[in-house]
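Inside the fold
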Amino acid sequence: MDMEARRHDTKGESVCVVSEEITVDWRGKPSNPNKHGGMRAAAFVLGLQAFEIMAIAAVGNNLITYVINEMHFSLSKSANIVTNFVGTIFILALLGGYLSDSYLGCFWTMLIFGFVELSGFILLSVQAHLPQLKPPQCNMLTGGENCIEAKGFKTLIFFVALYMVALGSGCVKPNMIAHGGDQFNQSNPKQSKKLSTYFNAAYFAFSMGELFALTLLVWVQTNSGMDVGFGVSAAVMAMGLISLVSGTLYYRNKAPQGSIFTPIAQVFVAAMFKRKQICPANLQMLHGSQNSVPSNGLVDPSSDPCRLVHTQRFRFLDKACIKVEDGSNGKESPWRLCSVTQVEQVKILISAIPIFACTIVFNTILAQLQTFSVQQGSAMDTQLTKSFHIPPASLQSIPYIILIFVVPLYETFFVPFARKITGHESGISPLQRIGAGLFFVTFSMVSAAIMEKKRRDAAVDSNKILSIFWITPQFLIFGLSEMLTAVGLIEFFYKQSLKGMQAFLTAITYCSYSFGFYLSSLLVSLVNKVTSSSSTNKGWLSDNDLNKDRLDLFYWMLAVLGFLNFLNYLFWARWYSYSPPSVSTTTQQGTHGDDYGFTNSSKHVGDESIP
């Protein structure tokens, strides 16, 4: 039995089954490996992912233009509307992951909330089409002070539609990744390798969706109106739902297993009740530990494939495993007594939180590329030919044009080459991939700051307008960085040994986007407040005119913040990779320690070294 098969544990000690036993077909019958799952089934999910991101990206990436030009909000307020909208999408991913793992399953969660998202797109199209649902037309560039900002019922309809889209997209996103990953049996070495390929394919589908959204759909919005653009997004989303339903006969479905928070809460509650207890010196006395040792002193890992090895980290949680000798034969409540495996699962989850936190600044930088960088493009020469102008929102298609070539090259050439050197099935470990991405993202902001200073000086000092292509480097660098960080983070969390929580763990990765965009809104407000020293001295980002703002200084601040965040990540990644096993456990396991379970936290995700 390979290591992956030995990691198929669930939420508690009472249920412990390998993945094949808990996957069913569309009728609820056990899935057939010859008919269900694999890349064929995952391809239908990839179709939904490409269409869904196409629909939501076309709205999100051009939303700031709509709320300024049509709803007449100020630049800073519009930027916050966009970042709050995107942030809400990703924080609602937690709801989608919880409902999926606990009650609905991935397929039904995607189908139900996919229709909610579709309804939001339709309502946005109606709101953008009807003049009575918008303020009077006005040019914000020439007469911004006289333009009437949307209020009352008009804003109500707009925000209801916008957050219907957010609710639907948020609940769909984590389940697309998780459901696609569920099509591969990790206990099979060949399919385990294909799982890594799937994650790269998912990012390729994401890149294709973004590319079409930022070129074709944004062009439609710019030339045919936002009402038509929102309508096209609705049609694209409908195509995604058709793709999802078309694969129904081929899916391996993991059945929901009740509230995923219950076994986690049980550990904390039990540890609190027994906080005054002293852990026994002999760790075999802990509930769920190996009770007998073979004559050769080695534990056979196949004797219990679902048990995790006790580690020294977060020792206060071990008190949840202490068996109280009260003279009665009654069995303790699961809220008072937990197994070592259950406690170790909670330890793994806590240990992964700093890794997640280190990607928040990364997504704060992403927020700038979807807001202020679009406005940068609006202040530059967008003319490509005599009759064609590049929509500023389409600038974000630049990295995806490159990535549709880079991602296949990465999977075809780099991964096999790196695999020969590292022995890792993904080429490099997820933690190494995340670290490389966090390192490169700093240079995206350095490039943005240098370019913005050049653009502003040319406009103010020489009255020249630079070509929009000057800002392409910052998008190119960020695209490479995102390919490394985003895919690495998803693979890292999906492969954690918390079975039955794949959708929720994937949702946690999306929360990084949410917190990043919320942090962006906070930084914009904070920077404006700090840099406004007097009533005559406005903040760096307080004016609607980029030629008067100091966006370049804001970008430099983010570059410094990004580099400090990278150094912080190095510390936590090394800390995560070293989790010493308990002494008695090491003695028992001998040479089988690494194969059996998790004597080192890096073993359960395959991260032996950190960049």
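Remember, it's a predicted structure, so these values are computed and weren't measured experimentally.

Per the secondary structure count, the protein chain includes 20 helices and 2 strands. In the protein chain, buried positions account for 58% of the 611 residues. Of the contacts formed within the protein chain by residues at least 6 apart in sequence, a portion of 83% connects residues at least 24 apart. Per element, the accessible surface of the protein chain, about 24,700 Å² overall, is 64% carbon and sulfur.

Taking 1.5 Å per residue, 18 residues should reach 26 Å; helix α11 (residues 340–357) reaches 27 Å between its end C-alpha atoms and fits that length. Taking burial as the measure, the 18 residues of α11 include 15 buried ones, the bulk of the element.

The subject of this paragraph is the pattern of salt bridges. If you walk through the whole model with that rule in mind, you get 11 salt bridges. One salt bridge in this structure joins Glu 52 and Lys 173, with 3.2 Å as the shortest N-O distance. Taken together, the positions of Glu 52 in helix α1 (residues 38–60) and Lys 173 in helix α7 (residues 153–181) put the pair 121 residues apart, joining distant regions of the chain. Note on Glu 52: relative accessible area 0%, which makes it buried. In this structure, Asp 552 engages Arg 550 in a salt bridge whose closest nitrogen and oxygen atoms are separated by 2.9 Å. What makes Asp 552 buried here is its relative accessible area of 2%. Overlapping salt bridges bring together Arg 315, Asp 318, Glu 344 and Lys 347 as one network.

A few words now on the packing of aromatic side chains. Counting across every chain of the model gives 28 aromatic pairs. Considering the side-chain rings of Tyr 98 and Phe 261, the 4.8 Å spacing of their centres and the 10° angle between planes classify their relative orientation as stacked. Of the two residues, Tyr 98 sits in helix α4 (residues 93–104) while Phe 261 sits in the loop between β2 (253–254) and α10 (262–273), which places them 163 residues apart along the sequence. On the basis of relative accessible area, Phe 261 is assigned to the partly exposed category, the value being 35%.

Below, the discussion takes up the side chain of Thr 155. Mapped onto the fold, Thr 155 is located in helix α7. On the basis of relative accessibility, which here comes to 14%, the residue Thr 155 falls in the buried class. Here Gly 152 takes part through its backbone oxygen, which lies 2.7 Å from a polar atom of the side chain of Thr 155. Discounting chain neighbours no more than four positions away, the residues touching Thr 155 are Phe 73 and Ala 150.

Let us look at empty space enclosed by the protein. Sizing a probe to match a water molecule and rolling it over the atoms shows the empty space that remains. With the rule as written, the count across this model stands at 9 cavities of 30 Å³ or more. Here the largest cavity defines a volume of roughly 450 Å³. Around the largest cavity, the lining comprises 31 residues; the ones closest to its centre are Ile 53, Phe 90, Lys 173, Phe 206 and Tyr 513.

With respect to the helices and strands, Ser 521 occurs in helix α17 (residues 502–531). Contacts of Ser 521, omitting those with residues within four sequence positions, involve Asn 80, Thr 83 and Asn 84.

This paragraph deals with the environment of Gly 247. Tracing the backbone shows Gly 247 in the loop between α9 (226–246) and β2. The buried category is assigned to Gly 247, whose relative accessible area is 0%.

Let's shift gears to a nonpolar patch on the surface. The grouping of Phe 439, Phe 440, Phe 443, Leu 480, Val 560, Phe 563, Leu 564 and Leu 567 at the surface amounts to a nonpolar patch, some 680 Å² of accessible area in total. Sorting the residues of the nonpolar patch by element identifies α15 (430–461) and α18 (551–577) as the ones contributing at least two each. Looking at the nonpolar patch element by element, the count peaks at 4 residues for α18. Position of Val 560 among the secondary structure elements: in helix α18.

Of note, Leu 558 is situated in helix α18. If we skip the residues at most four places from it in the chain, Leu 558 touches Thr 364, Ile 365, Gln 368, Met 445 and Leu 523.

With that settled, consider the environment of Ala 161. Within the secondary structure, Ala 161 sits in helix α7. Apart from residues no more than four positions distant in its own chain, Ala 161 is found in contact with Gly 120, Leu 123 and Leu 124.

Let us look at the packing of α7 against helix α8 (residues 189–224). The contact between α7 and α8 brings their axes to 10 Å, and the two run at 150°. Put simply, α7 runs roughly antiparallel to α8. Handedness of the crossing formed by α7 with α8: right-handed. Between α7 and α8, the residues in contact are Met 176, Ile 177, Gly 180 and Gly 181 and Leu 195, Tyr 198, Phe 199 and Ala 202, respectively. Here the contact of α7 with α8 is composed, by residue class, of 6 nonpolar, 2 polar and no charged.

Moving on, we come to the nonpolar core. The nonpolar side chains of a soluble globular protein tend to be buried with one another. Tyr 66, Phe 85, Ile 355, Phe 554 and Tyr 555 are the most contacted members of the largest nonpolar core, which has 162 residues in total. When residues of this core are assigned to their parent elements, the largest contribution, 13 residues, is made by α1. In contact with Phe 85, other than residues within four places in its own chain, are Ile 56, Gly 60, Leu 63, Leu 162, Tyr 163, Val 165 and Ala 166.

Two elements in contact, α15 and α18, have axes whose closest approach is 8 Å; the angle formed by their N-to-C orientations is 170°. Taken as axis vectors, α15 and α18 run roughly antiparallel relative to one another.

Here is what the cut-offs are and how they apply
- Here the residue numbers are simple positions, counted from 1 along each chain's written sequence.
- Owing to the predicted nature of the model, reporting of local features is limited to residues with pLDDT of at least 70; listing and counting of side-chain atom pairs is limited to 80 or more, with chain, interface and lining totals taken over all residues.
- Think of the side-chain values as coming from all heavy atoms in the structure, minus any hydrogens and water.
- For the purposes of this entry, the term helix denotes a DSSP run of H or I that reaches at least four residues, the term strand denotes a run of E that reaches at least two, and both are numbered from the N terminus.
- Classification of residues uses two cut-offs on accessible area relative to the type maximum, computed with a 1.4 Å probe and protein chains only: under 20% is buried, over 50% is exposed, and between them is partly exposed.
- Two residues form a contact once any of their heavy atoms are found within 4.5 Å.
- All accessibility values rest on the Shrake-Rupley procedure with a 1.4 Å probe; residue burial counts only the protein chains present in the view.
- Take the number of residues in a helix, subtract one, and multiply by 1.5 Å to get its expected span.
- Here, a salt bridge means any Lys or Arg side-chain nitrogen found within 4 Å of an Asp or Glu carboxyl oxygen.
- Aromatic contacts are taken between Phe, Tyr and Trp rings whose centres are within 6.5 Å, Trp giving its six-membered ring; a plane angle under 30 degrees counts as stacked, one over 60 as edge-to-face, and the others as tilted.
- For the purposes of these results, a polar contact is taken to be a pair of N or O atoms within 3.5 Å, where, inside protein, one atom must be able to donate a hydrogen and its partner to accept one; residues adjacent in sequence count only when each atom of the pair is a side-chain atom.
- Residues are called lining when one of their atoms sits within 4 Å of a cavity or pocket point, these points coming from a 1 Å grid over the protein atoms alone, where a cavity is a set in which a 1.4 Å probe fits but cannot get out and a pocket is an open set with protein on both sides within 12 Å along at least five of seven lines.
- Grid points are joined across faces, edges and corners, and a volume is the space filled by probe spheres set on the points.
- Only residues above 30% relative accessible area that lack a salt bridge enter a patch, with like-charged residues linked at up to 9 Å and the nonpolar side chains Val, Leu, Ile, Met, Phe, Trp and Tyr linked at up to 5 Å.
- Helix axes are fitted only over the stretch in contact, all axes being lines through C-alpha atoms; the angle between N-to-C directions runs from 0 to 180 degrees.
- Just so you know how the angles are binned, under 35 degrees is roughly parallel, over 145 roughly antiparallel, 65 to 115 roughly perpendicular, and the rest oblique.
- Should the near helix be turned counterclockwise from the far one by less than a right angle, the crossing is left-handed, whereas a clockwise turn marks it as right-handed.
- Each residue is assigned to one class: nonpolar for Ala, Val, Leu, Ile, Met, Phe, Trp, Tyr, Cys and Pro, charged for Asp, Glu, Lys and Arg, and polar for all the others, Gly among them.
- Among buried residues, the Ala, Val, Leu, Ile, Met, Phe, Trp, Tyr and Cys ones that are joined through side-chain atoms within 4.5 Å form a nonpolar core.

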